[in-house]
Structures are given as C-alpha cells and as structure tokens.
Amino acid sequence: MGNLTVKCDRCKKGFKSDEIAWRIFLSLTADPVLGVNEYANLSAVQLDGRLSALLDRIAMIPEDMLEDQVYQEFAFLVCSKCRAILAANPLQCR
Ligand SMILES: [Zn+2]
C-alpha cells in the first residue's frame, strides 16, 4: 500500500496510513426568530407577524443567494490532534 496523500483540512499535515481521520460536519441553519429574549416575550400573533416579515424578505432574495442565507453545510477531514482542539472549543470561543 502506498502512502495516502490525504491531508488534514485544518493543519494540512498528511495522514499516515495507520492514522485515524475524523470527519466534521457543520450545518448552519437560519433561525427564523430574531433573538431568543425577544422570542420569549412575543405573543403568537406577533410571532406570526415576524415570520411573515421574514418570509417576505426571503422571497426577495435570489434563489442562488438564498441557499447560503438560510442553510450552509460544511464537511472537513481532520487529524486526531485537530479533532481534540475542535472538540474542546467547537465555536472557537476565546
Ligand atoms: Zn490536523
């Protein structure tokens, strides 16, 4: 078996043949409600208004742009070292 030339997407280090690679899937989905605190204080009617306002706004966005606006999906392959770093702080908070 020759060496694989697959590299870690994060540190760019090549994987050894016996090394475990980790797949990361990241989905970003737009939340139709603006602000959790606001959401808690809204009545059902107000919430309906918010939603239809949002839908009106979405209706005006071109379709190819829309996809990135409401939903994005990423897939990465990383090494064990990068996996540990990402697992410890997935949102990269400081
Ligand atoms: Zn790495």
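Residues numbered from 1 in each chain as written. Predicted model: local features only at pLDDT ≥ 70, side-chain atom pairs only at ≥ 80, totals over all residues.

Scanning the chain from terminus to terminus reveals four helices and two strands. Looking at the chain residue by residue over its 94 residues, the buried ones come to 3%. Restricting to contacts in the chain with at least 6 residues of sequence separation, those with at least 24 account for 62%. (Helix = DSSP H or I, 4+ residues; strand = E, 2+ residues; numbered from the N terminus. Buried ≥ 20, exposed ≤ 12 C-beta atoms within 10 Å, placed from the backbone. Contact = placed C-beta atoms within 7 Å.)

As a general feature of sheets, a regular strand has side chains that alternate between the two faces. Little of strand β1 (residues 22-29) is tucked away: zero of the eight residues are buried. Two strands pair when backbone bridges link them, and β1 and strand β2 (residues 71-78) are joined in this way by eight bridges, in the antiparallel orientation. Across the sheet, residue serine 27 finds its bridge partner in β2, namely glutamate 73. (Pairing = 2+ DSSP bridges.)

Moving on to unusual backbone geometry. We note that lysine 12 has phi near 70 degrees; this positive angle belongs to a residue other than glycine. One can find lysine 12 in the segment before β1. Positive phi, close to 55 degrees, is recorded for glutamine 92, a residue that is not glycine.

Turning to the environment of phenylalanine 15, a few remarks are in order. Its location among the elements puts phenylalanine 15 in the segment before β1. Measuring from C-alpha to C-alpha, the distance between phenylalanine 15 and valine 78 comes to 9.1 Å, with 63 residues separating the pair along the chain.

Looking now at the environment of cysteine 11. By the secondary structure assignment, cysteine 11 is in the segment before β1. Residue cysteine 11 is classed as exposed on the basis of its 11 C-beta neighbours within 10 Å. With 68 residues separating them along the chain, cysteine 11 and cysteine 79 place their C-alpha atoms 8.2 Å apart. Leave out the neighbours within four places in its chain, and cysteine 11 touches Cys79 and Cys82.

Residue placement: threonine 5 occurs in the segment before β1. In this structure threonine 5 comes out as exposed when scored by C-beta crowding, with 7 C-beta atoms within 10 Å. Remark: the alpha-carbon pair of threonine 5 and phenylalanine 15, spanning ten residues in sequence, is separated by 7.1 Å.

Of the residues in the chain, 78% reach a pLDDT of 70 or more, and the chain-wide mean stands at 81. When pLDDT is averaged over each helix and strand of the chain, the minimum, 64, is found for helix α1 (residues 36-41) and the maximum, 95, for helix α4 (residues 80-88). (pLDDT = per-residue confidence, 0-100.)

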